[in-house]
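Okay, here's what each chain looks like letter by letter:
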Amino acid sequence: MGSGIKKINKQAIINKIESTQIRTDLPAFGVGDTIAVSFKVIEGVKTRIQRLEGVVIKIRGGGLNKNFILRRETNGIGNEITYNLNSPLIVKIDVLKKGKVRRAFISYMRERSGKSARIKSSIGSN
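Below is a short write-up of the structure.

Rules behind the numbers
Residues numbered from 1 in each chain as written. Predicted model: local features only at pLDDT ≥ 70, side-chain atom pairs only at ≥ 80, totals over all residues. Heavy atoms only, no water. Helix = DSSP H or I, 4+ residues; strand = E, 2+ residues; numbered from the N terminus. Rg over C-alpha atoms; globule rule 2.2 N^0.38 Å. Buried < 20%, exposed > 50% of the residue type's maximum accessible area, 1.4 Å probe, protein only. Contact = heavy atoms within 4.5 Å. Areas by Shrake-Rupley, 256 points an atom, 1.4 Å probe, with all protein chains shown as cover. Lys, Arg positive; Asp, Glu negative; His and termini not counted. Charge placed at Lys NZ, Arg CZ, Asp CG, Glu CD. Pairing = 2+ DSSP bridges. Axes fitted to C-alpha atoms, helices over the stretch in contact; angles between N-to-C directions. Core = buried A, V, L, I, M, F, W, Y, C linked by side-chain atoms within 4.5 Å. Salt bridge = Lys/Arg side-chain N within 4 Å of Asp/Glu carboxyl O.

**Notes on the overall build of the chain**
Thinking step 1. If you tally the helices and strands in the chain, you get 1 helix and 5 strands.
Thinking step 2. Here the C-alpha radius of gyration of the chain, 19 Å, is well above what a compact globule of 126 residues would show, namely 14 Å.
Thinking step 3. Seen through its principal axes, the chain has C-alpha atoms that stretch 70 × 45 × 25 Å.
Thinking step 4. Out of the 126 residues belonging to the chain, those deemed buried represent 27%.
Thinking step 5. The contacts in the chain between residues at least 6 apart in sequence include a share of 52% that link residues at least 24 apart.
Thinking step 6. When the accessible area of the chain is evaluated, it comes to approximately 9,200 Å², of which 52% is carbon and sulfur surface.
Thinking step 7. Counting 25 positive and 9 negative side-chain charges, the chain places the averaged centre of each group 6 Å from the other.

**Overview of the sheet that holds strand 5 (residues 90–97)**
Thinking step 1. Ordered in space as 4-3-2-1-5, the 5 strands form an open sheet in which the pairing is antiparallel. Strands with a single pairing partner mark the edges of an open sheet, and in this sheet they are strand 4 (77–84) and strand 5. Ignoring which end each strand starts from, the neighbouring axes of this sheet average 40° apart.

**Details of the nonpolar core**
Thinking step 1. The biggest cluster of nonpolar side chains holds 14 residues, and the ones touching the most others in it are Phe-29, Ile-35, Val-37, Phe-68, Leu-70, Tyr-83 and Ile-93.
Thinking step 2. Looking at this core, the elements with two or more residues in it are strand 1 (34–43), strand 2 (46–60), strand 3 (67–74) and strand 5.
Thinking step 3. Broken down by element, the residue count for this core peaks at 4 residues, all from strand 1.
Thinking step 4. Other than its neighbours up to four places away in sequence, Val-37 contacts Gln-50, Arg-51, Leu-52, Phe-68, Leu-70, Tyr-83, Ile-90, Lys-92 and Ile-93.
Thinking step 5. Core analysis: the next-biggest nonpolar cluster, separate from the first, contains 8 residues, Ile-57, Met-109, Ala-117 and Ile-119 among them.

**A word on the side chain of Ser-38**
Thinking step 1. Of note, Ser-38 is situated in strand 1.
Thinking step 2. Look past the residues within four positions of Ser-38 in its chain and what remains in contact with it is Ile-49, Gln-50, Arg-51, Leu-89, Ile-90, Val-91 and Lys-92.

**Some details on the pattern of salt bridges**
Thinking step 1. Per the counting criterion, the structure on display carries 8 salt bridges.
Thinking step 2. Taking the shortest distance from any N to any O, the salt bridge between Arg-51 and Asp-94 comes out at 3.7 Å. Of this pair, Arg-51 sits in strand 2 while Asp-94 sits in strand 5; the two residues are 43 residues apart in sequence, bridging distant segments of the chain.
Thinking step 3. Using a relative accessible area of 44% as the deciding quantity, one classes Arg-51 as partly exposed.
Thinking step 4. A residue is classified by how much of its surface remains accessible, and Asp-94, at 24% relative accessible area, is partly exposed.
Thinking step 5. In this structure, Arg-71 engages Glu-80 in a salt bridge whose closest nitrogen and oxygen atoms are separated by 3.1 Å.
Thinking step 6. The class of Arg-71 is buried, set by a relative accessible area of 14%.
Thinking step 7. When salt bridges that share partners are traced, they join Arg-51, Glu-53, Lys-92 and Asp-94 into one network.

Coordinates in, geometry out; function isn't part of it.
Structure below.
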């Protein structure tokens, strides 16, 4: 009956390895926040740091696979970029403004531009 073979918990091993790779140096932010992401861009043999500001419209995943979509608008043209939160290419993230939204995915921002694309600030409001 008791053969002495111990079952291996594969998920516990994966969680242990992933916990060493999860970044803890980044600030907490949520959907609707305006953030600036500084990340490394590798062009051939040269590397440079590029900084993009935008609104977080979606955060999904968990653990090592957590990612977010940053939306920015330049000259009336919307641009959405998906970043892996635990990527070593991200140098730093600055939270510029906290936003107050009631959804986990603010897809309605895609049709808006200018003044209608404003998000209420959560600072100073209840």
